[in-house]
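Commentary on secondary and tertiary structure
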Amino acid sequence: MLANKRLLLKTLSARSAFFFCSIPSDKDLPMSKYHEISDHFLESLCEQFEAIDQSEIDDVILSQGVLRIDLADEKSTYIINKQSPNKQIWLSSPMSGPYRFDLDLESNKWVGKGEDCILDLLSKELSEWTGEEVQFVYENDLL
C-alpha cells in the first residue's frame, strides 16, 4: 500500500512538473528585451495621453517606468507601470480598478486575463470620460 502511494506521488509529481514547465513564451523574453518593449510602449502611451484635450487631462508624467495621468477632475489618476519581475505592465484605473497585463508575442499586445487588451480598455474608459472617441494604438516593431 505504501509503495502504491509513493508511485502515485511520483506520477503526480512528474505530471505537475510537466505542466509547471510549460511556461508561456512571453516569460522566455529576455529581460533586456522586456525593458526595451515596455519602455517604448509607455513612451507611446505618454505621447497619446498628451495629445488628448487638456480640458480633460490635467497632467501626464512618465518617469522611471511609471506613467501617471491626472484627469481634470483633480480626483482621478491613472497609474501605468512596468512590473519587471513578472515582465508585466500594471494598470491602476480610477474607473475600473487594478489590472495586470502580459505581452502576448503572437498578437503583439499587452493582454490581461480574459484577453482584455490594455489599449482597448484605456480607449473605452477615456472615450467615456471625454464623451468623444479616443483610440489608443501601438505599433511594436521591436520583436
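Further up the page is the structure itself.
Worth saying up front: this structure is predicted, and the values here are computed from it rather than measured. (Residues numbered from 1 in each chain as written. Predicted model: local features only at pLDDT ≥ 70, side-chain atom pairs only at ≥ 80, totals over all residues. Heavy atoms only, no water.)

**Here we look at unusual backbone geometry**
Here the phi dihedral of glutamine 64 falls at roughly 50°; this positive angle occurs in a residue that is not glycine. Following the sequence through the fold, glutamine 64 ends up in the loop between strand S1 (57-63) and strand S2 (66-71). In this structure, lysine 87 is a non-glycine residue whose phi angle is positive, near 55°. If you trace the backbone, lysine 87 turns up in the loop between strand S3 (77-83) and strand S4 (88-93). For lysine 87, a relative accessible area of 13% translates into the label buried. (Helix = DSSP H or I, 4+ residues; strand = E, 2+ residues; numbered from the N terminus. Buried < 20%, exposed > 50% of the residue type's maximum accessible area, 1.4 Å probe, protein only.)

**Some details on the environment of asparagine 86**
When you line up the elements, asparagine 86 lands in the loop between S3 and S4. Look at asparagine 86 and you get partly exposed, because its relative accessible area is 32%. Spatially, the C-alpha atoms of asparagine 86 and phenylalanine 101 are 9.8 Å apart, while their sequence positions differ by 15 residues.

**A look at the packing of aromatic side chains**
Summed over all chains, the structure comprises six aromatic pairs. Plain terms: the ring middles of phenylalanine 49 and tyrosine 78 are 6.4 Å apart, the flat faces sit at 45° to each other, and that makes the pair tilted. A residue pair is termed long-range when its members are at least 10 positions apart, and phenylalanine 49 in helix H2 (residues 31-50) and tyrosine 78 in strand S3 qualify at 29 residues. The pair phenylalanine 49 / tyrosine 78 is uniform in exposure class, with both members buried. Centre to centre, the rings of tyrosine 99 and phenylalanine 101 are 5.9 Å apart; their planes meet at 25°, and the pair counts as stacked. Judged by relative accessible area, which is 25%, tyrosine 99 ranks as partly exposed. Pairwise contacts between aromatic rings join Tyr34, Phe41, Trp110 and Tyr138 into one cluster. (Phe/Tyr/Trp six-rings, centres within 6.5 Å; stacked < 30°, edge-to-face > 60°.)

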